[in-house]
Amino acid sequence: MKIFDLNLGSLKDFDNLELLNFPEKIRNTENLVISPPFVDLHTHVRLNAQEDYETLSKAAIAGGFAVCNIQPNTVPRLESLDVLLKHVELSKDKPVNFLHTISFFGQINDISAVGHVSNRITGFSTDGIRYDSRELYSSFATKKPALLFDHAQLHEIPGDFYIGTQLPNSLRTYSNEAIAIFRTVLTGLEFGYASFHIQHVSSSTSLEAIQYLRRFANVTCEVTPHHVFFTPDMISNPNQKINPPISKDREILREALRKGIINCFATDHAPHNPKGNDFENAPYGSSHIEVAFSVYYTVFEDMGLVLKNVTLNPLKVIKKSYEELGINYPYDAVLIDASADYTVDSSSFFSLGKNCAFDGYKLKGKVLGFRRNGRWVYWNGEFIDETI
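Along each chain, residues carry numbers from 1 onward, in the same order as the chain's sequence is written. In keeping with the model being predicted, local features are shown solely for residues with a pLDDT of at least 70 and side-chain atom pairs are shown and tallied solely at 80 or more, while totals for entire chains, interfaces and linings include all residues. Only hydrogens and water are set aside when side-chain values are computed; all heavy atoms of the structure are taken into account.

(A) Spotlight on the sheet that holds strand β13 (residues 264-265). Whether two strands pair depends on DSSP finding at least two bridges between them. Helix and strand definitions here come from DSSP, where helices need a minimum of 4 consecutive H or I residues and strands a minimum of 2 consecutive E residues; each element is numbered from the N-terminal end. Sheet architecture is open: 8 strands sit in the order β4-β5-β6-β7-β8-β11-β12-β13, paired in parallel fashion. Single-partner strands in this sheet number two, and they are β4 (38-43) and β13. Residues count as neighbours in contact if any of their non-hydrogen atoms are within 4.5 Å of one another. Angles run from 0 to 180 degrees between N-to-C directions of axes, and those axes are lines fitted to C-alpha atoms, restricted for helices to the stretch in contact. Relative to the sheet, helix α3 (residues 81-91) contacts β6 (97-103) and β7 (121-125), its axis offset from that of β6 by approximately 170°.

(B) Fine view of the packing of aromatic side chains. Geometry of aromatic contacts follows a simple scheme: Phe, Tyr and Trp rings, the Trp one being its six-membered ring, pair when their centres are within 6.5 Å, and the pair is stacked under 30 degrees between planes, edge-to-face over 60, tilted otherwise. Evaluated as defined, the whole model comprises 29 aromatic pairs. Both rings, one in Phe140 and one in Phe191, keep their centres 6.5 Å apart while their planes meet at 5°; by these two values the pair is stacked. Linking Phe140 in helix α4 (residues 133-142) with Phe191 in the loop between α5 (175-190) and β11 (195-198), this pair joins segments that are 51 residues apart in sequence. Residue classification places Phe191 among the partly exposed residues on the basis of a relative accessible area of 27%. Taken together, a centroid distance of 5.1 Å and an interplanar angle of 25° make the contact between Phe230 and Phe358 stacked. Here Phe230, found in the loop between α7 (225-229) and α8 (250-259), pairs with Phe358, found in the loop between β14 (333-343) and β15 (362-372); they are 128 residues apart in sequence, far enough to count as distant. For Phe358, a relative accessible area of 0% puts it in the buried group. One aromatic cluster is present, built from ring pairs that chain together Phe104, Phe105, Phe124, Tyr131, Tyr137, Phe140, Phe191 and Tyr193. Over the ring of Tyr174 we find Lys248; its NZ or CZ atom is 4.5 Å from the centre of that ring. One residue, Lys366, lies across the ring of Tyr342, its end atom 4.9 Å from the ring centre. Burial here depends on accessible area, computed with a 1.4 Å probe over protein chains only, as a share of the maximum for the residue type. Under 20% is buried, over 50% is exposed, and the range in between is partly exposed. Remark: a charge is flagged as sitting over a ring if the NZ atom of Lys or the CZ atom of Arg is within 6 Å of the ring centre and within 35 degrees of the ring normal.

Structural data, given as structure tokens:
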């Protein structure tokens, strides 16, 4: 058995099975890996009879995630103190530690002024919100600087897919995202902002923009499962309609992750009601927090690399530690079977969102168990603790 060592940031041999107290006897541990629970900087919750904190908790645990950073495009938006306090109340006392971002275009101008819940807030976010240069400028001018999570996009330019694909409404230029990144960071610098996290990078030009802007600011970025797995020619149904779109630069994104140009993985878990077959009217997003780890491992085939990018690296972005988040490894841990393979069946998801871009695909590596406070609460596809 291998264990991920947080101090080394790599795997090492481990044979103290008594410490782990598995719920059943395991005869062959050769392909098993113990890891800290995963961290996702980019998670969506819906409420209003769609994904709520109960179903999201179960989906996250099944995928190995104990920390989820909620984005603000809920209904109503996470942009006022009343809505924030409602989310904090709904998400408390869960086995998953839910952090929150605040809409960059809302009523809260100073994150440090939201009282006793300020430690639950990781920063402002533009994610899931259509905005233009005027609104961006106005928010920078009125809000106290903090880490800004940015869904970098020129919303003034239409289109569901990048130009050059044989898909409906392929109108968006590849330069869209990179230009938006420049706009956000350079404008923010003029108003005293110094830290920016660019969400779901999708193009080589965006990576070049980020590397240039790191000369002037702390600019981190993430990549998602769908952008390192798919190419445009693989898109066959509306569940693969993503924002930003799947791009031709998959191999460049993979290499940038290996080189550390991209800082970490994130899921962009986006559950929806059934999308139907209409590409143009379908909402953006895929529900896949339960299989995200397997996608990463299938693509990169490097357990140490994958685990580092779902544990230590996302924590560095938000300047948090596991201890601060109430996670005590290995009493809180994920058990992975590196030799397992399976075919994704989204109908069996714990998430209310069955709109999975990876439905029907065969993946490698699987979360076998999830341990919280020294007790295994999830094992081999089932919750074994009735309190979860």
